[in-house]
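# Report on the structure
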Amino acid sequence: MPKNTFVNKRLLEKAKKENVELIFDRFEKQQPQCPWGLDGGCCKNCFQGPCRIISNKGVVKGICGATSDVIVARNLLRMCAAGASSHVDHAREVVLTLDAIVHGKAPGYRIKDKAKLRAIAKALGKPYKGPIKKVAEFVVKEALEDFRRQHGVFHIKGEGEYLNWLKINATKERQETWKKLRILPINADLEISRAQHVTTIGNDADPVSLLLQTLKIGLVDGYAGLHLATNLQDVLFGVPTLVKSEVNLGVMKEDYVNIAVHGHVPLLSEKIVEWAKKLEKEAKKVGAKGINVIGVCCTGHEVLMRHGIPHATHIIESELPIVTGALEAMVVDTQCIYPSLQDVASCYHTKIITTMIAKIPGAVHIPFKVENADKAARQIVLEAVNNFKNRGKNILIPKEKTELIAGFSVETILSVLSKLNKKDPLKPLIDNIINGNILGIVAVVGCRNVKLRGEKFAEKMIKILLKNNVLVVATGCIAHAAAQEGLMRPEATERFAGKTLKAVLTAIGKANGLPCIPPVLHMGSCVDNSRIEVLINTIANKLKVPIPKLPIAASAPEWMTEKALSIGIWALALGIATHFNPIPPITTSSAEVVRKILTQDLESITGGKLLLGTTPEDAAKVILEHIKKRRKELGLKQ
Ligand code: NFS
Ligand code: SF4
């Protein structure tokens, strides 16, 4: 097995010499990992258990009689509910911030993109012309409905409603499909809470019903999580446009105060970026040349997309900026924050500053609320500046860094395309899909997983797809991986894209004053997977072909979080064939019903299906086969 090919060797050696334990070490100590955890055949939903499925000994039920299919499906539903709850809570923070702005309680924030806010209000049914605060008030009210409506479409009288954000974002065809399946969510909190309820002992024991509810939770995640968060973040901070920046640890600067923003919520990282600029002088007073903000994980992608802030690492390498010895502070908010960060930081001068729900013993906690955003952000940046003097002597900043172009919101993609066809920007893309110059579009998203031991699964798979003229869009940690590999530079088109894809990307690039467009488009953080749906819907509507019939696919080639799973389930509900690696915990041998539904039957239910491929080659193969099959069905050139 390859050993962490993407990790800087010299930093690993430095950590070893300095007796710093990293994720890679802890991973090896966990081997071998529990087979029941891996295959999903374990239940601890009550304390008669834990119960395990041991099929080869004929143990195919838990003590209460729950079958392996029930156990696997319940576990899946619980994981997805947890994943969706993260995105929903994130979105809620943003809605409440807009609410605080309306009530004059968030002086540090403003409505930056008024046009987008008005467009959302219009989609919600009220094309307000009046004062922007009124528009905001209306949008907040409609958003909060998605957390409190109690009566759904299937209420006794047949009345009732479902998520506003689903209504205004999903295509009509999808809404009809989900209505028939009776999986339209009533409100986000209600559905997440119900998912917990139905999976407790002695409740739903029908794997089919449990899987349908899992799809419903996917919709909760997609609309009350991802879309809601992205929509309102764009309103507050602006829609991303093309930016040039750099990725990898080489973006740290020895003579500067280095501050990493890590986590997911741009409400915080935006403020840190702002205050880092304002407090440059303070940095100079302590002998630094200035302040260098760097991104880690998704909040890093948010500020990369909107401000071109360089992106240092994805999750697997998130301990490494500390090991350089040159990181003054790592400011974290929520999700994907390894508790180990404080252990690593305690070997150096780095301060881990927690601000929201991810609290870590030993770290500095500076509570961050939108009401006190400026005060808290100032304090955080000063904490970092004052820590500059405590740097040790042993500093190693790797030289490696790679340029990238980011900022591919759908608005930006359309504006880039409009240079080729002003009246009908989508036409050049559609024409090239139809004539086969672009074989299809694949969204490669999600996490890196230490289980892969640095195999560069995603990079290898993406390169095969590109060679076959597939256009790739990426978000989250995988976007960082792709950028680090150089796949988000225009040069990558020359090197990795197939002949016809290369021609298309060069033509688009030339029209925009670039040598060409990179073959992998950075569309943002994980909540920005919503942008990918907008792109797909735009294409589906234009072609008048429902999503499941399009030559597209998705892949989470190195997933690990519950969030990635629930996003993937949303993609399956959307009717997109979605590849997962590692294989999700549904492999316990007697859970045949769940496996068959997800990998086969689902295609005739939502149109999506779970694709499996545990090597980059196999993954690319199943994805390409799927795309070619769809092209054939549509009668498109092969
Ligand atoms: Ni997405 Fe972002 Fe990374 Fe995975 Fe974690 S940072 S929300 S969950 S690990 S991509
Ligand atoms: Fe075992 Fe059933 Fe309890 Fe699960 S709910 S631990 S299968 S007895």
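## As for the overall build of the chain
Scanning the chain from terminus to terminus reveals 26 helices and 16 strands. In terms of overall dimensions, the chain has a C-alpha envelope of 65 × 65 × 55 Å along the principal axes. Within the chain, buried positions represent 62% of all 638 residues. The contacts of the chain with a sequence gap of at least 6 include a subset with a gap of at least 24, amounting to 76%. For the chain, the exposed surface amounts to about 24,700 Å²; the carbon and sulfur share of it is 54%. Computing the positive centroid from 89 side-chain charges and the negative centroid from 62, the chain places the two 3 Å apart.

## Quick look at the site of ligand 2
Surrounding ligand 2, one finds Cys43, Asn45, Cys46, Gln48, Gly49, Cys51, Gly62, Ile63, Cys64, Arg74 and Ile201. A per-class count over the shell around ligand 2 returns six nonpolar, four polar and one charged.

## Things to note about the site of ligand 1
Close to ligand 1 lie His264, Cys297, Cys298, Ile315, Cys336, Gly446, Cys447, Cys477, Cys526, Met560, Thr561 and Lys563. At a threshold of 2 Å from the grid points, most atoms of ligand 1 map onto the largest cavity. Of the residues assigned to the shell around ligand 1, the class counts are eight nonpolar, three polar and one charged. Summarising the domain contributions, the shell around ligand 1 has at least three residues from each of domain 3 (249-390) and domain 4 (407-634).

## A closer look at the domain arrangement of the chain
Under the domain assignment, the chain is made up of domain 1 (9-57), domain 2 (68-237), domain 3 (249-390) and domain 4 (407-634). For domain 1 and domain 4, the distance between their C-alpha centroids amounts to 30 Å. Our enumeration of links across domain 1 and domain 4 arrives at one salt bridge. When the shortest N-O distance is used, the salt bridge between arginine 453 and glutamate 28 registers 3.0 Å. Inspection of the domain 1/domain 4 interface yields five residue pairs in polar contact (both at pLDDT 80 or more). The dominant element in the side of domain 1 that touches domain 4, judged by the number of residues it contributes, is helix H2 (residues 23-29), at four residues. Tallied by class, residues from the side of domain 1 that touches domain 4 come to five nonpolar, six polar and two charged.

## Structural notes on the side chain of glutamate 558
Inspection of the secondary structure puts glutamate 558 in the loop between strand S14 (552-556) and helix H24 (562-574). Discounting residues that sit within four places of it in the chain, glutamate 558 has contacts with Cys447, Arg448, Asn449, Leu452, Lys456, Phe457, Ala458, Glu459, Ile478, Asn581 and Pro582.

## Observations regarding unusual backbone geometry
With an omega of 10 degrees, the peptide bond running from glycine 49 to proline 50 counts as cis. Here proline 50 lies in the loop between strand S1 (42-43) and strand S2 (51-52). The omega torsion across asparagine 581 and proline 582 is -10 degrees, close enough to zero to call that bond cis. Positive phi, normally seen in glycine, also occurs at glutamine 335, with a value near 65 degrees. Tracing the chain through its elements places glutamine 335 in the loop between strand S7 (329-332) and helix H15 (340-345).

## Quick notes on helix H22 (residues 499-511)
The end-to-end C-alpha separation of H22 is 19 Å, in line with the 18 Å expected for 13 residues at 1.5 Å each. Listing the buried residues of H22 in full gives Leu501, Val504, Leu505, Ile508 and Gly509. Looking down the long axis of H22, one finds its buried residues gathered within 130 degrees of arc, a one-sided arrangement. Opposite the buried face of H22, at more than 90 degrees from it, the exposed residues are Lys499 and Lys510. Each element contacted by the buried residues of H22 is listed here: helix H17 (410-418), helix H18 (426-434), helix H19 (457-467), strand S12 (470-475) and helix H21 (490-496). Positive backbone phi, approximately 75 degrees, marks glycine 513, located one or two places after H22.

## Regarding the coordination of the nickel atom of ligand 1
Within the protein, a single donor atom binds the nickel atom of ligand 1, namely Cys526 (SG) at 2.2 Å. Considering all four donor atoms around the nickel atom of ligand 1, angles at the metal cover 89 to 163 degrees and the coordination shape is irregular. Position of cysteine 526 among the secondary structure elements: in the loop between strand S13 (520-524) and helix H23 (529-543).

## Description of the packing of aromatic side chains
Scanning all chains against the criterion turns up four aromatic pairs. A ring pair is formed by tryptophan 178 and tyrosine 223, whose centres lie 6.0 Å apart and whose planes are at 55 degrees; its orientation type is tilted. Highlighted residues: tryptophan 178 in helix H8 (residues 172-180) and tyrosine 223 in helix H10 (residues 207-237), separated in sequence by 45 residues. For the pair shown, tryptophan 178 and tyrosine 223 are each scored as buried.

## Thoughts on the layout of surface pockets
Estimates place the volume of the largest pocket at around 1,200 Å³. Lining the largest pocket are 36 residues, with Gly37, Met79, Lys451, Met560 and Glu562 positioned closest to its centre. At the level of elements, H2, helix H3 (35-39), S1, helix H4 (68-102) and H24 are the ones that each hand at least two residues to the lining of the largest pocket. Of the residues contributing to the lining of the largest pocket, the split by class is 16 nonpolar, 13 polar and seven charged. Size it by volume and the second largest pocket reaches roughly 550 Å³. If you trace the second largest pocket, you find 24 residues lining it, with Ile168, Asn169, His227, Asn231 and Val534 closest to the centre. Breaking the lining of the second largest pocket down by element, the ones donating at least two residues are helix H5 (114-123), H8, H10, H17 and H23. Per-element tally for the lining of the second largest pocket: the top contributor is H23, with six residues. Here the residues of the lining of the second largest pocket sort into eight nonpolar, ten polar and six charged. For the lining of the second largest pocket, the two domains that each supply at least three residues are domain 2 (68-237) and domain 4 (407-634).

## Here's the deal with the packing of H19 against helix H26 (residues 616-634)
Where H19 contacts H26, the two axes come as close as 8 Å, and the packing angle between them is 40 degrees. Viewed along their axes, H19 and H26 adopt a mutual orientation that is oblique. In this structure, H19 crosses over H26, and the sense of that crossing is right-handed. Counted together, Phe457, Lys460, Met461, Ile464 and Leu465 of H19 and Pro616, Glu617, Ala619, Ala620, Ile623 and Leu624 of H26 form the full contact between these two elements.

## Section: empty space enclosed by the protein
Throughout the structure, instances matching the rule amount to six cavities of 30 Å³ or more. Its boundaries defined by the atoms lining it, the largest cavity holds a volume of some 320 Å³. The wall of the largest cavity is formed by 29 residues, among which Val445, Gly446, Asn529, Ile567 and Gly568 lie closest to the centre. For the lining of the largest cavity, the elements supplying multiple residues, two or more each, are H23, S14, H24 and strand S15 (578-580). Class assignment of the residues belonging to the lining of the largest cavity gives a composition of 20 nonpolar, seven polar and two charged. Here the lining of the largest cavity spans two domains, and each of domain 3 (249-390) and domain 4 (407-634) adds at least three residues to it. At three residues, the largest contribution of residues to the lining of the second largest cavity is made by H17. Its residues placed into classes, the lining of the second largest cavity shows 13 nonpolar, no polar and no charged.

What counts, and at which threshold
The residue count restarts for each chain, going from 1 along the sequence in the order it is written. Here chains are named by letter from A upward and ligands by number from 1 upward, in the order in which they appear as written. Where local features are concerned, this predicted model is filtered to residues with pLDDT of at least 70; where side-chain atom pairs are given and counted, the filter is 80 or more; whole-chain, interface and lining totals use all residues. Derived side-chain values reflect all non-hydrogen atoms in the structure, with water molecules and hydrogen atoms excluded from consideration. In this description a helix means any DSSP run of H or I spanning at least four residues, a strand means any run of E spanning at least two, and both kinds are numbered starting from the N terminus. Using a 1.4 Å probe on the protein chains alone, a residue whose accessible area is under 20% of its type maximum counts as buried, one over 50% counts as exposed, and one in between counts as partly exposed. Contacts are assigned to residue pairs with any non-hydrogen atoms lying within 4.5 Å of each other. Computed by Shrake-Rupley with a 1.4 Å probe, the accessible areas treat only the displayed protein chains as cover when residues are assessed. His is not counted, nor are the chain ends, whereas Lys and Arg count as positive and Asp and Glu as negative. All charge positions are set by atom: Lys at NZ, Arg at CZ, Asp at CG, Glu at CD. Only a single heavy atom is needed: when it lies within 4 Å of a molecule or strand, its residue is near that molecule or strand. Under the grouping applied here, Gly and all other residues not named as nonpolar or charged are polar, the nonpolar ones being Ala, Val, Leu, Ile, Met, Phe, Trp, Tyr, Cys and Pro and the charged ones Asp, Glu, Lys and Arg. Grid spacing is 1 Å over the protein atoms alone, the probe is 1.4 Å, and a cavity is where that probe fits but cannot get out, while a pocket is an open set with protein on both sides within 12 Å along at least five of seven lines and lining residues have an atom within 4 Å of a point. Should more than half of a molecule's atoms lie within 2 Å of a pocket's or cavity's grid points, that molecule is taken to sit in it. Start and end positions for the domains come from either an automated domain assignment or a database one. Basic side-chain nitrogens of Lys or Arg form a salt bridge, by our definition, when they fall within 4 Å of a carboxyl oxygen of Asp or Glu. Side-chain atoms alone can form a polar contact between residues adjacent in sequence; in general such a contact is a pair of N or O atoms within 3.5 Å, and within protein one must be able to donate a hydrogen while the other accepts it. Expected helix span is computed as 1.5 Å times (number of residues minus one). Here the arc refers to the directions that run from the helix axis out to each C-beta atom. Note on donors: an N, O or S atom is included if it sits within 2.8 Å of the metal, or within 3.2 Å for Na, K and Ca, and water is never included, so sites can look incomplete. Only two sets of limits are used to name each site, 85 to 135 degrees for every angle of a tetrahedral four-donor site, and over 155 degrees for opposite donors with all other angles from 65 to 115 for a square planar four-donor or octahedral six-donor site, with any other site named irregular. Stacked, tilted and edge-to-face are the three classes applied to pairs of Phe, Tyr and Trp rings, where Trp contributes its six-membered ring and a pair requires centres within 6.5 Å; stacked means planes under 30 degrees apart, edge-to-face means over 60, and tilted covers the rest. Grid points are joined across faces, edges and corners, and a volume is the space filled by probe spheres set on the points. Interaxial angles span 0 to 180 degrees and are taken between N-to-C directions of axes, which are lines fitted to C-alpha atoms, for helices over the stretch in contact. Any angle that is under 35 degrees is reported as roughly parallel, and any over 145 degrees as roughly antiparallel; angles of 65 to 115 degrees are reported as roughly perpendicular and all others as oblique. A clockwise turn of the near helix away from the far one marks a right-handed crossing, whereas an anticlockwise turn of less than a right angle marks a left-handed crossing.

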